[in-house]
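Each chain, letter by letter, is given below.
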Amino acid sequence: MVGRIIGYVVAAILIFFGVLYLWSIPAAGPDQLVPRLIVGVISLAIGVVIIWVVRTRGPAPVQQITQQIDLEMPGEISVDKLKCQSCGGELSKDDVSLVQGAVMISCPYCGSTYQITEEPKW
Ligand SMILES: [Zn+2]
(Lines give C-alpha, C1' and ligand atoms only; values in the text may rest on other atoms or scores of the structure.)
Protein backbone atom coordinates (compact mmCIF):
# COMPACT_ATOMS: atom_id res chain seq x y z
CA MET A 1 0.00 0.00 0.00
CA VAL A 2 2.79 2.42 0.93
CA GLY A 3 4.69 1.25 -2.15
CA ARG A 4 1.80 2.22 -4.37
CA ILE A 5 1.62 5.71 -2.85
CA ILE A 6 5.37 6.19 -3.32
CA GLY A 7 4.98 5.00 -6.89
CA TYR A 8 2.25 7.55 -7.59
CA VAL A 9 4.24 10.36 -5.96
CA VAL A 10 7.38 9.54 -7.96
CA ALA A 11 5.32 9.27 -11.14
CA ALA A 12 3.63 12.62 -10.45
CA ILE A 13 7.00 14.32 -9.87
CA LEU A 14 8.44 12.83 -13.07
CA ILE A 15 5.41 13.87 -15.13
CA PHE A 16 5.46 17.34 -13.54
CA PHE A 17 9.11 17.92 -14.46
CA GLY A 18 8.64 16.34 -17.87
CA VAL A 19 5.84 18.78 -18.70
CA LEU A 20 7.91 21.62 -17.21
CA TYR A 21 10.85 20.78 -19.48
CA LEU A 22 8.65 20.57 -22.57
CA TRP A 23 6.98 23.87 -21.69
CA SER A 24 10.35 25.58 -21.27
CA ILE A 25 11.55 24.64 -24.77
CA PRO A 26 10.21 27.75 -26.61
CA ALA A 27 11.75 30.10 -24.03
CA ALA A 28 15.07 28.29 -23.83
CA GLY A 29 16.21 28.81 -27.41
CA PRO A 30 16.98 26.47 -30.29
CA ASP A 31 20.21 24.99 -28.87
CA GLN A 32 18.27 23.73 -25.83
CA LEU A 33 15.51 22.16 -27.89
CA VAL A 34 16.92 18.64 -28.30
CA PRO A 35 18.26 18.05 -24.75
CA ARG A 36 15.11 19.45 -23.12
CA LEU A 37 12.89 17.50 -25.48
CA ILE A 38 14.76 14.29 -24.59
CA VAL A 39 14.68 14.92 -20.82
CA GLY A 40 11.02 15.98 -20.91
CA VAL A 41 9.83 13.05 -22.98
CA ILE A 42 11.86 10.51 -20.95
CA SER A 43 10.56 11.92 -17.64
CA LEU A 44 6.99 11.79 -18.91
CA ALA A 45 7.45 8.27 -20.24
CA ILE A 46 8.94 6.95 -16.99
CA GLY A 47 6.15 8.60 -14.99
CA VAL A 48 3.46 7.05 -17.18
CA VAL A 49 5.16 3.64 -17.04
CA ILE A 50 5.35 3.80 -13.22
CA ILE A 51 1.63 4.62 -12.98
CA TRP A 52 0.84 1.80 -15.40
CA VAL A 53 2.96 -0.70 -13.43
CA VAL A 54 1.46 0.38 -10.08
CA ARG A 55 -2.09 0.18 -11.45
CA THR A 56 -1.72 -3.20 -13.14
CA ARG A 57 0.53 -4.99 -10.66
CA GLY A 58 -0.98 -3.57 -7.49
CA PRO A 59 -3.16 -6.21 -5.89
CA ALA A 60 -6.81 -5.50 -5.25
CA PRO A 61 -6.85 -5.61 -1.43
CA VAL A 62 -10.57 -6.30 -1.02
CA GLN A 63 -10.57 -9.30 -3.31
CA GLN A 64 -7.49 -10.75 -1.61
CA ILE A 65 -9.06 -10.49 1.84
CA THR A 66 -12.22 -12.26 0.68
CA GLN A 67 -10.19 -15.05 -0.85
CA GLN A 68 -8.12 -15.50 2.30
CA ILE A 69 -11.25 -15.72 4.46
CA ASP A 70 -12.73 -18.33 2.15
CA LEU A 71 -9.56 -20.39 2.43
CA GLU A 72 -9.31 -20.17 6.20
CA MET A 73 -12.90 -21.09 6.92
CA PRO A 74 -13.50 -24.76 7.64
CA GLY A 75 -15.26 -26.34 4.68
CA GLU A 76 -18.30 -27.81 6.40
CA ILE A 77 -19.20 -24.74 8.44
CA SER A 78 -20.53 -21.70 6.64
CA VAL A 79 -19.67 -18.17 7.58
CA ASP A 80 -23.37 -17.39 7.94
CA LYS A 81 -23.53 -19.42 11.16
CA LEU A 82 -20.95 -17.23 12.88
CA LYS A 83 -22.23 -15.77 16.11
CA CYS A 84 -21.04 -12.81 18.13
CA GLN A 85 -19.12 -13.75 21.27
CA SER A 86 -20.66 -10.82 23.15
CA CYS A 87 -24.34 -10.78 22.22
CA GLY A 88 -24.83 -13.96 20.20
CA GLY A 89 -26.12 -12.09 17.18
CA GLU A 90 -25.67 -13.74 13.82
CA LEU A 91 -22.73 -12.40 11.86
CA SER A 92 -22.47 -12.24 8.11
CA LYS A 93 -19.37 -12.38 5.96
CA ASP A 94 -19.32 -8.59 5.83
CA ASP A 95 -18.65 -8.45 9.57
CA VAL A 96 -15.49 -10.54 9.22
CA SER A 97 -12.26 -8.92 8.12
CA LEU A 98 -8.61 -9.84 8.02
CA VAL A 99 -6.20 -7.46 9.73
CA GLN A 100 -2.55 -8.43 9.39
CA GLY A 101 -3.37 -12.11 9.13
CA ALA A 102 -5.74 -12.15 12.11
CA VAL A 103 -9.49 -12.64 11.71
CA MET A 104 -11.32 -9.64 13.12
CA ILE A 105 -15.01 -9.68 13.99
CA SER A 106 -16.99 -6.48 14.17
CA CYS A 107 -20.51 -7.07 15.42
CA PRO A 108 -23.23 -4.88 13.85
CA TYR A 109 -25.61 -5.54 16.77
CA CYS A 110 -23.61 -4.68 19.88
CA GLY A 111 -20.75 -2.86 18.14
CA SER A 112 -18.01 -4.92 19.74
CA THR A 113 -14.87 -5.76 17.81
CA TYR A 114 -12.63 -8.62 18.75
CA GLN A 115 -9.97 -10.82 17.26
CA ILE A 116 -10.14 -14.54 16.71
CA THR A 117 -6.66 -15.83 17.43
CA GLU A 118 -6.23 -19.58 17.62
CA GLU A 119 -8.53 -22.54 17.10
CA PRO A 120 -11.71 -20.61 16.33
CA LYS A 121 -14.79 -22.35 17.68
CA TRP A 122 -17.46 -21.28 15.25
ZN1 LIG B 1 -22.52 -8.59 19.29
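Calculation notes
The numbers attached to residues start from 1 for each chain and follow its sequence in the written order. Local features in a predicted model are, by the rule used here, given only for residues with pLDDT of at least 70; side-chain atom pairs are given and counted only at 80 or more, and totals for whole chains, interfaces and linings are based on all residues. By convention in this description, side-chain values take in all heavy atoms of the structure and omit both hydrogens and water. Each helix is a run of H or I in the DSSP string that is no shorter than four residues. Each strand is a run of E no shorter than two, and both are numbered from the N terminus. For the accessible areas, the method is Shrake-Rupley and the probe is 1.4 Å, while residue cover comes only from the protein chains on display. Sites may look incomplete because water is not among the atoms; the donors themselves are N, O and S atoms within 2.8 Å of the metal, or within 3.2 Å for Na, K and Ca. Metal sites are grouped by the angles between bound donors: all angles between 85 and 135 degrees with four donors is tetrahedral, opposite donors over 155 degrees apart with the others between 65 and 115 is square planar for four donors and octahedral for six, and any other pattern is irregular. Here's how the labels work: a residue is buried when its accessible area is under 20% of the maximum for its type, exposed when over 50%, partly exposed in between, all with a 1.4 Å probe on protein chains only. In this scheme, strands are said to pair when DSSP sees at least two bridges between them. Note on method: axes are straight lines fitted to C-alpha atoms, helices fitted across the in-contact stretch only, with angles between N-to-C directions ranging 0 to 180 degrees. By convention a nonpolar core is built from buried Ala, Val, Leu, Ile, Met, Phe, Trp, Tyr and Cys residues, the set being connected through side-chain atoms within 4.5 Å. Throughout, a residue-residue contact means that at least one pair of heavy atoms, one from each residue, lies within 4.5 Å.

> Describe the overall build of the protein chain, listing the residues and the values that go with them.
From N to C terminus, the protein chain includes four helices and three strands. Its helices and strands taken in sequence order, the protein chain reads α-α-α-α-β-β-β from the N to the C terminus. Put simply, the protein chain shows about 8800 Å² of open surface, and 62% of that area lies on carbon and sulfur atoms.

> With reference to specific residues and values, describe the coordination of the zinc ion.
For the zinc ion, the full set of protein donor atoms is Cys 84 (SG), Cys 87 (SG), Cys 107 (SG) and Cys 110 (SG), and the range of their distances to it is 2.2 to 2.3 Å. With four donor atoms in place around the zinc ion and angles of 104 to 114 degrees between them, the coordination shape is tetrahedral. One chain supplies every donor to the zinc ion, and in sequence these donors are spaced C-x2-C-x19-C-x2-C. Remark: Cys 107 occurs in the loop between strand S2 (102–106) and strand S3 (113–116) and Cys 84 occurs in the loop between helix H4 (61–72) and strand S1 (96–99); sequence separation between them is 23 residues. Neither Cys 84 nor Cys 107 differs from the other in exposure class; each is buried.

> Pulling in residues and values, what's your account of the sheet that holds S1?
If you walk across this open sheet you meet the three strands as S1-S2-S3, and the pairing is antiparallel. Both edges of this open sheet fall to S1 and S3, since each of them pairs with a single strand only. On average, each strand axis in the sheet is inclined to that of its neighbour by 35 degrees, with strand direction left out of account.

> Before we move on, can you summarise the pairing of S3 with the specific residues and values?
Only one face of S3 is covered, namely the face carrying Tyr 114 and Ile 116; the face carrying Thr 113 and Gln 115 is uncovered. Pairing analysis gives four bridges linking S2 to S3, with the strands arranged antiparallel. Of the residues in S3, the one forming a bridge with Ile 105 is Tyr 114. Hairpin remark: S2 followed by S3, antiparallel, with six residues in the connecting loop; positive phi at Gly 111, about 80 degrees.

> Describe in detail the pairing of S1, supporting the description with residues and values.
Every second residue of S1 is oriented toward a common face, the buried set being Val 96 and Leu 98 and the non-buried set Ser 97 and Val 99. Hairpin connection between S1 and S2: a loop of two residues separates the two successive antiparallel strands, and Gln 100 in this loop has a positive phi of roughly 50 degrees.

> Tell me about the environment of Cys 87, and name the residues and values.
Within the secondary structure layout, Cys 87 lies in the loop between H4 and S1. For Cys 87, a relative accessible area of 41% gives the class partly exposed. Considering only alpha carbons, one finds Cys 87 and Gly 111, 24 residues apart in sequence, at a separation of 9.6 Å.

> Which residues make up the nonpolar core, and what values do they have?
Counting 10 residues, the largest nonpolar core is built from Leu 82, Cys 84, Leu 91, Val 96, Leu 98, Val 103, Ile 105, Cys 107, Tyr 114 and Ile 116. Looking at this core, the elements with two or more residues in it are S1, S2 and S3. Not counting the four nearest positions on each side in its chain, Tyr 114 is found in contact with Lys 83, Cys 84, Gln 85, Leu 91, Val 103, Met 104 and Ile 105.

> Outline the environment of Phe 17, listing residues and values.
Tracing the backbone through its elements, the reader meets Phe 17 in helix H1 (residues 2–23). Along the backbone, Phe 17 and Val 41 are 24 residues apart, and their C-alpha atoms lie at a distance of 9.8 Å.

> Pulling in residues and values, what's your account of the environment of Ile 116?
On the secondary structure map, Ile 116 appears in strand S3. Ile 116 gets classed as buried once you look at its relative accessible area, which sits at 13%. A sequence separation of 11 residues divides Ile 116 from Ile 105, and the C-alpha atoms of the two residues are 7.4 Å apart.

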